[in-house]
Amino acid sequence: MNDTLPEIRLEDTGSKGRYFIRSAAGDVAEMTFSKAGEHLIIIDHTEVPDAFRGQGAGLRLVTRAVEDMRAAGKKIIPLCPFANAQFRKHAEWADVLKG
């Protein structure tokens, strides 16, 4: 089995978007978000199918959003329970967390 996950892709539909990873078998792990103005996104859902369990896919998706929003000077509201838990575990993300 390949020990590297497929690349994370970003799909932006204007007011919403998602980061996702698609496996060779077609399984999709995703983290969806809504845009709240020019400088804020709300992570509203993270879903990781069993095919990705134990591979850190959910954390990779949230980490990518943090990196992208930091680079763009934007903030994140992690409404999704998984994303919220990750923000509590990663104090180094405080600069992008909308307090």
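Data block above holds the structure.
What counts and what doesn't
Residues numbered from 1 in each chain as written. Predicted model: local features only at pLDDT ≥ 70, side-chain atom pairs only at ≥ 80, totals over all residues. Heavy atoms only, no water. Buried < 20%, exposed > 50% of the residue type's maximum accessible area, 1.4 Å probe, protein only. Helix = DSSP H or I, 4+ residues; strand = E, 2+ residues; numbered from the N terminus. Pairing = 2+ DSSP bridges.

A. View of the pairing of strand β2 (residues 16-22). Across the seven residues that make up β2, a large majority, five, are buried. Both strand β1 (residues 9-12) and β2 contribute to a ladder of four bridges, which runs antiparallel. The residue bridging L10 from the neighbouring strand is Y19, located in β2. Hairpin remark: β1 followed by β2, antiparallel, with three residues in the connecting loop; positive phi at G14, about 100°. Looking at chain direction, β2 and strand β3 (residues 28-35) are connected through seven bridges and run antiparallel. Paired with I21 across the bridge in β3 is A29.

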